[in-house]
Structure formats: structure tokens, C-alpha cells
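Examining the three-dimensional arrangement
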Amino acid sequence: MATGEQGKKRKKRSGGGDGGEPKGRKVTLAMVKSCVRMTVDGKRRLDLSYKGLAAVPRCLVSLCDVEELDLSRNRLTKLPDFFQLFVNLRFLDLHSNYLENLPASIGQLQNLLTLNLCNNRLTSGSLPFELGHLGKLHKLNMGLNQLDSLPHFVVGLKELRHLSLFDNRLTAYPDCLRLLKRLEVNLESNPFVSKAAPEAGGGVHRAEGLHLVHEANLCGDCLDWCRTRSRKKDEKAEVKPQRRMLAGLYTPNSVAKANQENLLTLNLCNNRLTSGSLPFELGHLGKLHKLNMGLNQLDSLPHFVVGLKELRHLSLFDNRLTAYPDCLRLLKRLEVNLESNPFVSKAAPEAGGGVHRAEGLHLVHEANLCGDCLDWCRTRSRMKDEKVEVKPQRRMLAGLYTPNSVAKANQEKNLATGEQGEKRSSSGGGDGGEPKGRKVTLAMVKSCVRMTVDGKRRLDLSYQGLAAVPRCLVSLCDVEELDLSRNRLTKLPDFFHLFVNLRFLDLHSNY
């Protein structure tokens, strides 16, 4: 009897049964039926996110007529073959699981419009050819995976308009994407080494025939047309359903005191931050240019953000904001990403990717411009293209949101050790649910210091399985870039204020 109890404890600590598979909770048909909701546009939505599922329950067959299915934030390692029965499915969310492959039956979901596979363990070889049969698919998210190439069957997705491939292992711009003309592609944070990589501009593929023009450069007729179109778009704005509200991912319960005056980039994405956990001192970062707080649990934005006068890029996607933050209206030159927040207020940003529209700018297709305005736009685009140079791989080496980024030969052993550690404690670690991390020495830390192409000292401690920031980092407090992403940190130490030269700090995907 005692032996059996000890065995149960061992299995519970390791996160599951044989082979280190995560052990999930059991659900009944009654529990599943209680999770069915009606969306504001009259669709039946089955929300099984955050249920701790290690496998898709068979009882879902009884609800195969739903139009939206959310299985995100669970422990799924594979999908069952009976997925082909969900013929009415228009929206499928599988993000933040442990999926390593997809069944061929997924190609039979012919009515699917949105597929979210973000933050899994998919490789290029694990994508089935049948994925190219989804002829109506409009949006596909495969960010935060392990793709080193894109299969050519993607060209079969004729209706695809939004493709996310950020934070993968792509080293060149996929040639097959050049065949899809009306496609917006997000390729941020891939280790591009080819000259065929996309041009600087956020990794978004430029749409053909579209021009972003300021009002001052348009004639009277074209300006009237643009303003009328913008006004009509505002009048048609409706309250959007909580379709892509991907509720809180992993989230740390503390932040470093923000007194690094030289900090330019701060990445806090994919943690457990709440609005109350953001310190007032964060507003003292006077030089901060880019701040990423996506995939957290923010339900409002503190007003001290208005103190960030140099802030140009703010990411707040996948939080819990229900209205557009008023404090952002005081920052005129700011680009804000507010995608996938459950907006219920009319003050929410307009449809169009959740990006705050710059005042006086209009995105216009060539067909709607007169001859003079069209000539001006084409000339401007041509001059811009002529000035494009091969940029140094600054953002690749500076590690902006690069969890899966550049492979480092001398860290492969550390990475393997970290993965083994995850398997040993996939349920979160030791006593009390605290993540258990590996120990590091000063010599190990010094071996992770690199020089970037622009001469900055970068300390990369990502993927090291750290549960706490090692004290020995004080010896290297003069570094200018610090990457602590993809660890198990729950808080930051007080000695962080010693990193006075820090210009880049990456803390994404911790606890």
C-alpha cells in the first residue's frame, strides 16, 4: 500500500504517467456541456481552455456541431482523429499546448476560418499535407514553434490573409509566400541569414498596390474619398466577440524596479503580470523605445505610462483590457498593438489588427487614387526601395523576442539539460508548486557573454532552466543587453538596479 502511494507521488511530481507525459484531469460530458456559450454574433462556442487536459475527451463527439472551439492553455500532446467530425468549426484555438504534430484529419475542416497553433512544439516535418486543403482559412498563427522551413502546400490556402510565423527558426524568407499576393505575414524574431529575408519594417510583408499616405500629400478629391471611407468605417464599428481573447498565460508576480535610465527595449511578454503588479517606477524609463506586455493579465493600463515620452511601440495583445486606455491618447507618436483583448466599449480601437491609427495617415489602394497622387506614391515607394540596404542582423542578435532564435553551438548542451529538467518536473517543480531551477556558476555565466554586431556586450541566459536570477550576475552588471527569457523566474532580485548600462532586457516566457 505504501509502495503504491509513493508511486503515485512520483507520478504526480513528474507531471504524469509513463514516459513523462503530462497527466491531465478527467472531464465528463456534463462538465463539457456547461462550457458551451453563445457569442455575440450567435455562434456556439465551446471553451475548454485552462482545464488541465492531457487529451481531448471523447465526449466532445456529442458537441461536434459547435462553430468555435477553444482548447488553449492545456497539456495536449496530440489531437484525436475524430476531429474530422467538427464539420461546422469556424474557429479553432490550440495555442499554448505541447502539440508535436497534427492529424491528417484536420484537413477535413473545410469551414475553418481561424486556426491558432501558437506556442506549441510543431516542426516543419510535423505539419500534414492536408493542412493545405483548408480552402476557406483566413487566419493562421504558427508563431512560437520550431519551424525551420514552410511546406509548399501553404500555397493551397487561397483565402489566407494573415499568417504569423514569429519566433520560429526560419533562416530565409519562404519562397512559397511570394505566390500569395494578398497575404500579411509576421516573421519577427527569426534568425534570418539570407539576403532574401524580408525588408526592415516589423517583419510584415508589404501588400501589393497599397500606399500609406499623409493627408498633406493628397489632392482634394483623394483626401475627401479617404476621409469619407474612414468615417464610414468608424460608423460601422461594432462590438467584437471575445473570439481571440486568449486568457492569461504564464505570469510573474513581480517586476524589477525600473531605474535603468538607459533601457531602450523591455520585453515582459508571456508572463503573469496584472495591472496592480506594475510598479510606478516603470514610468521613469525616459529613454524606453519599445515595451512588450502582451500575453499577460492586464485589465487596465496605469497612467504612469504617459511618462514614457520616447515610447514608440507598445504591445498589449492578449490581455484583459475591456476599453481603449485613455492615457495612450496623450502619446501621439505611439504604435499600439491591442489585438485579442475583450473590448466591450465603443472606444475600443477599430478593426484592423488592433494597431492604433496614426493621425492624418490613410492606407489607400492604387485603384482609389487619381493619376497625380498615384504617381507621387509610386515615386516615393521607388525612392524608398532604392535606399534599402542590407541591414546588419541587429534585431536577431539583440534578441528582440527571440525565444527560439539563433542556435548557439556551445549552448546546445545547456539547452538539452534544460529540456531534461523540464521533463523531470513538468508539473512545475518541487514543493508548493514552485518551479525548481538549475544552479549556475560564474564561469557558466561568463561563457554566455557575446559581442553583438554593433559592438554591444550581450549576456544570453535564455533556456537555462533558472528559477532565480543568480547572484553572480553582479560581476557582469556592465553588460548592455540581457536575455533571461524562457526560464522559470517568479521574481527579480533587488540588485537589478546595478545594471545601469542596460539597453535591452528580455524577460518573456517566465512565471
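Above: the structure in question.
A brief report on the enclosed structure follows.

Rules used in this analysis
- Residues numbered from 1 in each chain as written.
- Predicted model: local features only at pLDDT ≥ 70, side-chain atom pairs only at ≥ 80, totals over all residues.
- Heavy atoms only, no water.
- Phe/Tyr/Trp six-rings, centres within 6.5 Å; stacked < 30°, edge-to-face > 60°.
- Buried < 20%, exposed > 50% of the residue type's maximum accessible area, 1.4 Å probe, protein only.
- Salt bridge = Lys/Arg side-chain N within 4 Å of Asp/Glu carboxyl O.
- Helix = DSSP H or I, 4+ residues; strand = E, 2+ residues; numbered from the N terminus.
- Pairing = 2+ DSSP bridges.
- Axes fitted to C-alpha atoms, helices over the stretch in contact; angles between N-to-C directions.
- Core = buried A, V, L, I, M, F, W, Y, C linked by side-chain atoms within 4.5 Å.
- Contact = heavy atoms within 4.5 Å.
- Polar contact = N/O pair within 3.5 Å; in protein donor to acceptor, adjacent residues only side chain to side chain.

**Thoughts on the packing of aromatic side chains**
For the coordinates displayed, the defined rule picks out three aromatic pairs. When the ring of Phe83 is compared with that of Phe86, the centres are 5.5 Å apart and the planes differ by 40°; the resulting orientation is tilted. Accessibility assignment for this pair places Phe83 and Phe86 in one class, buried. When the centroid spacing of 5.4 Å and the interplanar angle of 40° are considered together, the rings of Phe496 and Phe499 count as tilted. Since its relative accessible area comes to 0%, Phe499 is described here as buried.

**Things to note about the pattern of salt bridges**
One side chain can pair with another of opposite charge once the charged atoms of both are near each other. Within this structure, the stated rule accounts for 10 salt bridges. One salt bridge connects Asp70 with Arg45, and the closest N-O pair in it is separated by 3.3 Å. In this pair, Asp70 is assigned in strand β3 (residues 68–70) and Arg45 in strand β2 (residues 44–47), connecting sequence segments 25 residues apart. A salt bridge links Glu100 to Arg121; the shortest N-O distance between them is 4.0 Å. Within this pair, whereas Glu100 is found in the loop between β4 (91–93) and β5 (114–116), its partner Arg121 is found in the loop between β5 and β6 (139–141), the two being separated by 21 residues in sequence.

**Considering the pairing of strand β16 (residues 457–460)**
Regular strands have side chains that alternate between both faces of the sheet. Alignment of strand β15 (residues 449–451) against β16, held across three bridges, turns out to be antiparallel. Residue pairing across strands places Arg450 opposite Arg458, the latter belonging to β16. Remark: five residues form the turn of the hairpin made by β15 and β16, two consecutive strands paired antiparallel; Gly455 in that turn has positive phi of roughly 80°. Across three bridges, β16 lies against strand β17 (residues 481–483) in parallel orientation. When the bridges of β17 are listed, Asp460 appears paired with Asp483.

**Brief notes about the sheet that holds β2**
Note on sheets: strands pair through backbone hydrogen bonds, and any given pair is parallel or antiparallel. If you walk across this open sheet you meet the eight strands as β1-β2-β3-β4-β5-β6-β7-β8, and the pairing is mixed. Looking at strand neighbours, the two that pair on one side only are β1 (36–38) and β8 (184–186), the edges of this open sheet. The mean inter-strand angle of the sheet, taken between neighbouring strand axes irrespective of direction, is 10°.

**Topic: the sheet that holds strand β18 (residues 504–506)**
Strand order in the open sheet formed by eight strands is β13-β12-β11-β10-β18-β17-β16-β15, with mixed pairing between adjacent strands. Single-partner strands in this sheet number two, and they are β13 (335–337) and β15. Across the sheet, the mean angle separating the axes of adjacent strands is 10° when strand polarity is ignored.

**Quick look at unusual backbone geometry**
Most peptide bonds adopt trans geometry, and most residues besides glycine take a negative phi value. With a phi close to 60°, Ser189 is a non-glycine residue in the positive phi region. Given a relative accessible area of 11%, Ser189 falls into the buried group. In this structure, Leu295 takes a positive phi of about 55° despite not being glycine.

**Let's talk about the nonpolar core**
Among the nonpolar cores identified, the biggest contains 52 residues, and Leu46, Leu92, Leu115 and Leu165 are the most heavily contacted of them. Setting aside chain neighbours within four positions, we find Leu92 in contact with Leu69, Phe83, Ile106, Leu109, Leu112, Thr114, Leu115 and Asn116.

**Some points on the side chain of Asn145**
Along the chain, Asn145 falls in the loop between β6 and β7 (162–164). A polar side-chain atom of Asn145 sits 3.1 Å from the main-chain amide nitrogen of Leu122.

**A look at the pairing of β2**
The pairing of β1 with β2 spans three bridges and is antiparallel. Pairing of Arg37 across the sheet is with Arg45, part of β2. Following β1, the chain reverses through five residues before pairing antiparallel with β2; Gly42 in that reversal takes a positive phi of roughly 80°. Bridging between β2 and β3 involves three bridges; their strand directions are parallel. If you follow Arg45 over to β3, its bridge partner there is Glu68.

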